[in-house]
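Structural features, examined
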Amino acid sequence: MSNFKYDVGVIGLGYVGLPLAIQATDSNLNVYGYDIDEDKVNSFNLGKSAIEDISDAELQKSLEKGLFLSSDPKYLSDSETVVISVPTPLTDYQPDLSYVRSAAETIAKHLTKNQIIILESTTYPGTTIEVLIPVIEEISHQKAGVDFYVGYSPERIDPGNEKWNFKNTPKVISGINDESLTKIKTFYEKIIDQVVTVSGTKEAEMVKLLENTYRHVNIALINELAILCNMLEIDIWEVVNAAKTKPFGFESFRPGPGVGGHCIPVDPNYLSFKTRQIGKPVRFVELAQEINNSMPSYVVSRLLEKMNLLEKPFKNSNILILGVAYKKDIGDVRESPAIGIIENLYDKGVNVKYFDPFVEKIVVNNQGVEREESLDNLNNYDLILVHTAHTDFESFDFSKTEVPIFDATGSNHYKNAERI
Ligand SMILES: NC(=O)c1ccc[n+]([C@@H]2O[C@H](COP(=O)([O-])OP(=O)(O)OC[C@H]3O[C@@H](n4cnc5c(N)ncnc54)[C@H](O)[C@@H]3O)[C@@H](O)[C@H]2O)c1
């Protein structure tokens, strides 16, 4: 029987932390969620979730069931397991572990003997042992693996995915020693259907980077082929759709306007950072970055070409962008390729508006981009760019508009559209 009031304390209530807290509550654990952002915690406590995958009703149900959220870290000392899910962004193109360090300091100040500390933030191999543990040990004067237990488990949450959720997606786990691993396994088995153990924290950290680098590289490959197929007058979509009928040895990726979100454009940089410490670049990552980063300007070049063919000036033209989120059916614009596309269009003197039912605001060059409230005024535009394939758009009949459409998503909905 544990002496802790909370089975788990979650540090960082974002896209990863809040679903974890909700799932743990659902699995009948006593859960405490901590976030430094007081406004966010207050809004969550009013039952308002700003995270797409969590509805207000789900959040309210968890709060009623006892989920306790606070911006005061003192309850960490009463949490048997502490999971860290704080951001790991890039600052000046370098891994920024300041949030992980700060979470580690907070843990150290509230550390209780026998606590289990698990890092879930995506990071380079070695972070748990080289960064997290030294900070906690130095401040708390307690020894990892003896006084408290430590492990790493990568998060695989896929916002907007209705099939694979927190509970049914297998979870890779690791510990710094056998005791840590056993305790971490027991914890995750209470909330997740299948756990997969690996031998150490470095391996677990690397799993996440392999998964995301694999996506990054394959998206770059198909983007490069899309550009080449366009030059060779081959329909890349027909090629992809036919290739994916192969039942083995081929996984299909789709071309698009670039990569976005917190993971794919960011995580491979964590891998490059680590390998450069041993004097080696990850050549695939660098090439993939070059190709994927060039996609927004490629899309703009295709729009310009289209306007040329229509014998219309690009400068002062009016372009509507359909969808600015980085992927379908969510409102996340972090690292969205739409930002680079709009920046580039502004540079060329184009007037841009966007329509996206999920996105209230998108900022480019420090200013909010003009938002179209409905699809009633399509004829005010010279060109429409479909950037994100939101399901909502499928219920609108675009065949009625005369305005040319350039579709960067490869959807079948825009019958006469030119595709990437
Ligand atoms: N979003 C995804 O789809 C996804 C998927 C897999 C992995 N990840 C990884 O998970 C980690 C978290 O990502 P996210 O998308 O949930 O981030 P997020 O920005 O949505 O949420 C992070 C939260 O942490 C809080 N925070 C920051 N510093 C803190 C501190 N010192 N103490 C307490 N709270 C603090 C922030 O206020 C914020 O609410 C990142 O490493 C990310 O790469 C994200």
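See the structure above.
About the criteria used
- Residues numbered from 1 in each chain as written.
- Predicted model: local features only at pLDDT ≥ 70, side-chain atom pairs only at ≥ 80, totals over all residues.
- Heavy atoms only, no water.
- Near = heavy atom within 4 Å.
- Polar contact = N/O pair within 3.5 Å; in protein donor to acceptor, adjacent residues only side chain to side chain.
- Helix = DSSP H or I, 4+ residues; strand = E, 2+ residues; numbered from the N terminus.
- Phe/Tyr/Trp six-rings, centres within 6.5 Å; stacked < 30°, edge-to-face > 60°.
- Buried < 20%, exposed > 50% of the residue type's maximum accessible area, 1.4 Å probe, protein only.
- Contact = heavy atoms within 4.5 Å.
- Pairing = 2+ DSSP bridges.
- Axes fitted to C-alpha atoms, helices over the stretch in contact; angles between N-to-C directions.
- Parallel < 35°, antiparallel > 145°, perpendicular 65-115°, else oblique.
- Left-handed = near helix turned anticlockwise from the far one by under 90°.
- Nonpolar A, V, L, I, M, F, W, Y, C, P; charged D, E, K, R; others polar.
- Salt bridge = Lys/Arg side-chain N within 4 Å of Asp/Glu carboxyl O.
- Expected span 1.5 Å × (residues − 1).

Thoughts on the site of the ligand
The ligand sits among 27 residues. The nearest are D35, K40, T88, S102 and H262. Within the contact set of the ligand, an oxygen atom lies 2.6 Å away from a side-chain nitrogen or oxygen of D35. If one sorts the elements of the shell around the ligand by residue count, helix α4 (residues 98–109) sits on top with 3 residues.

Focus: the packing of aromatic side chains
Applying the stated criterion across every chain, the model contains 12 aromatic pairs. Ring centres 6.0 Å apart and planes at 40° place the aromatic pair F355 and F393 in the tilted group. With F355 in strand β12 (residues 351–355) and F393 in the loop between β16 (383–386) and β17 (405–407), this residue pair connects regions lying 38 residues apart in the sequence. Classification of F355 as buried rests on a relative accessible area of 12%. Among the aromatic residues, those joined into a ring-pair cluster are Y6, Y32, F68 and Y75.

Comments concerning the environment of S49
By secondary structure assignment, the location of S49 is in the loop between α2 (38–45) and α3 (56–65). When sequence neighbours within four positions are dropped, the list of residues in contact with S49 reads L18, F44, I54, S55, D56 and L59. Polar side-chain contacts of S49 include one of 3.1 Å to the backbone nitrogen of I51.

Brief notes about unusual backbone geometry
One non-glycine residue, N114, lies in the positive phi region at around 75°. Note that N114 resides in the loop between α4 and β7 (116–119). Judged by its relative accessible area of 38%, N114 falls in the partly exposed class. The backbone of N366 shows a phi angle near 65°, a positive value even though the residue is not glycine.

What to know about the sheet that holds strand β4 (residues 79–84)
Spatially, 6 strands are ordered β3-β2-β1-β4-β7-β8 in an open sheet, and the strand pairing comes out parallel. Pairing within the sheet leaves two strands with one partner each, and these edge strands are β3 (68–70) and β8 (149–152). Neighbouring strand axes in the sheet, compared pairwise and without regard to direction, differ in orientation by 20° on average. With 5 bridges connecting them, strand β1 (residues 6–11) and β4 associate as parallel partners. What sits directly across from Y6, in β4, is S79.

Concerning the environment of A242
For A242, the location among the structural elements is in helix α8 (residues 236–243). Looking at A242, the relative accessible area reads 47%, which means it is partly exposed. C-alpha of A242 to C-alpha of E155: the two residues are 87 residues apart in sequence and 33 Å apart in space.

A look at the packing of helix α1 (residues 17–26) against α3
A pair of packed helices is characterised by two quantities: the angle between their axes and the separation of those axes. In the contact formed by α1 and α3, the axes pass within 10 Å of each other and the chain directions differ by 50°. By the angle class used here, α1 and α3 are oblique. In this structure, α1 crosses over α3, and the sense of that crossing is left-handed. The segment α1 lies against α3, with L18, I22, T25 and D26 engaging E58, L59, K61, S62 and K65. Residue composition of the contact of α1 with α3, by class: 3 nonpolar, 2 polar and 4 charged.

Considering the pattern of salt bridges
Counted under the stated rule, the structure contains 19 salt bridges. K74 is the partner of D72 in a salt bridge, and the nearest nitrogen-oxygen pair spans 4.0 Å. On the basis of relative accessibility, which here comes to 29%, the residue D72 falls in the partly exposed class. Of the charged contacts in the structure, one is a salt bridge between E189 and K185, with a shortest N-O distance of 3.1 Å. Remark: K185 and E189 occur in helix α6 (residues 178–189); sequence separation between them is 4 residues, near one turn of the helix. One salt-bridge network, held together by shared partners, links E120, E155 and K171.

Notes on α4
For α4, with 12 residues, the first-to-last C-alpha span of 17 Å sits near the 16 Å given by 1.5 Å per residue. Contacts made by the buried residues of α4 are with β1, β2 (31–34), β4, β7 and α5 (127–140).

Regarding the pairing of β4
Most of β4 is tucked away: 5 of the 6 residues are buried. Here 4 bridges tie β4 to β7, and the two strands are oriented parallel to one another. By the bridge assignment for β7, V82 is matched with I117.

Some points on the side chain of T401
Positionally, T401 belongs in the loop between β16 and β17. Judged by its relative accessible area of 14%, T401 is buried.

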